[in-house]
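The lines below spell out each chain.
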Amino acid sequence: AWRRGRGMSIEGVVREARTIEISEPHADVNGPGATAASLSPREREVALLVARGHTNRQIATELQTGVRTVDKHVSNILRKLKFTSRTQLRLWVADQGIPAVK
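None of these values were measured; they are calculated from a predicted model.

J.: Any details on the overall build of the chain? Residues and values, ideally.
T.: The helix and strand inventory of the chain stands at 7 helices and 0 strands. Going residue by residue from the N terminus, the α and β elements of the chain occur as α-α-α-α-α-α-α. Within the chain, the proportion of its 102 residues that are buried is 34%. Counting contacts in the chain only where the partners sit at least 6 residues apart, residues at least 24 apart contribute 63% of the total. Within the structure as shown, the chain displays about 6400 Å² of accessible surface, and the carbon and sulfur contribution to it stands at 52%.

Pasting the structure below:
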């Protein structure tokens, strides 16, 4: 899967990311702001990479974008989900049933 992903075009990666379905979290876990639907497809992709332990620099490299862009995505994700840390985000992604490791 890693080799297949490395060989994909950016368009292919975006298509693949848009097919990831994220279910709604349990209401008692994260509060009213924690809905996957409130994140854009790109934000869901960034959230998954954060949950896998990637730094913003690593995410920027993988997504072929700038570190400042990733910084903004992470900031927006935390704000939308009403979280204050990447650890909360990692736990939320795990609660969604999305694997946090490759």
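J.: If you had to explain the pattern of salt bridges to someone new, which residues and values would you point to?
T.: Counted by the stated rule, this structure contains 2 salt bridges. The partner of arginine 42 in a salt bridge is glutamate 45, and the shortest N-O contact between them spans 3.0 Å. You can see arginine 42 and its partner glutamate 45 sitting in helix H4 (residues 41-51), 3 residues apart, about one turn around the helix. Here glutamate 43 and lysine 80 are joined by a salt bridge, their closest N and O atoms 2.8 Å apart.

J.: I'd like a description of the side chain of histidine 73, backed by residues and values.
T.: Mapping histidine 73 onto the fold places it in helix H6 (residues 67-81). Those residues within four positions of histidine 73 in sequence are excluded, and the remaining contacts are Arg42, Glu43 and Val46.

J.: Talk me through the nonpolar core; I want residue IDs and the actual numbers.
T.: Core analysis: the largest hydrophobic core is formed by 20 residues, its most contacted members being Val46, Ile59, Ile77, Leu81, Leu89, Trp92 and Val93. Listing elements by their share of this core, those giving two or more residues are H4, helix H5 (56-63), H6 and helix H7 (86-95). Excluding residues that lie within four positions of it along the chain, isoleucine 77 makes contacts with Leu39, Glu43, Val46, Ala47 and Leu89.

J.: Before we move on, could you go through H5 and cite the residues and values that matter?
T.: Every buried residue of H5 is listed here: Asn56, Ile59, Ala60 and Leu63. Looking straight down H5, one finds that the buried residues subtend no more than 100 degrees of arc, so they occupy a single side. Exposed positions of H5 whose direction lies more than 90 degrees from the buried face are Arg57 and Thr61. Taken from the residues just after H5, glutamine 64 is the one with a positive phi, measuring 55 degrees.

J.: I'd like a rundown of the packing of H4 against H6, residues and numbers included.
T.: When two helices pack together, you describe them by how their axes are tilted relative to each other and by the distance separating the axes. Orientation of H4 relative to H6, taken along the N-to-C sense of each, is 95 degrees, at an axis distance of 10 Å. Considered as vectors, H4 and H6 are oriented roughly perpendicular to each other. Each of Arg42, Glu43, Val46, Ala47 and Val50 in H4 lies in contact with H6, whose residues at this interface are His73, Val74, Asn76, Ile77 and Lys80. Residue classes in the contact of H4 with H6 are distributed as 5 nonpolar, 2 polar and 3 charged.

J.: So what about the environment of leucine 63? Which residues, and what values?
T.: Mapping leucine 63 onto the fold places it in helix H5. Sequence-wise, leucine 63 and arginine 42 are 21 residues apart; in three dimensions their C-alpha atoms are separated by 9.6 Å. For leucine 63, the contacting residues outside a window of four places in its chain are Ile10, Arg42, Glu45, Val46 and Leu49.

The rules we used
- Residues numbered from 1 in each chain as written.
- Predicted model: local features only at pLDDT ≥ 70, side-chain atom pairs only at ≥ 80, totals over all residues.
- Heavy atoms only, no water.
- Helix = DSSP H or I, 4+ residues; strand = E, 2+ residues; numbered from the N terminus.
- Buried < 20%, exposed > 50% of the residue type's maximum accessible area, 1.4 Å probe, protein only.
- Contact = heavy atoms within 4.5 Å.
- Areas by Shrake-Rupley, 256 points an atom, 1.4 Å probe, with all protein chains shown as cover.
- Salt bridge = Lys/Arg side-chain N within 4 Å of Asp/Glu carboxyl O.
- Core = buried A, V, L, I, M, F, W, Y, C linked by side-chain atoms within 4.5 Å.
- Arc of directions from axis to C-beta.
- Axes fitted to C-alpha atoms, helices over the stretch in contact; angles between N-to-C directions.
- Parallel < 35°, antiparallel > 145°, perpendicular 65-115°, else oblique.
- Nonpolar A, V, L, I, M, F, W, Y, C, P; charged D, E, K, R; others polar.

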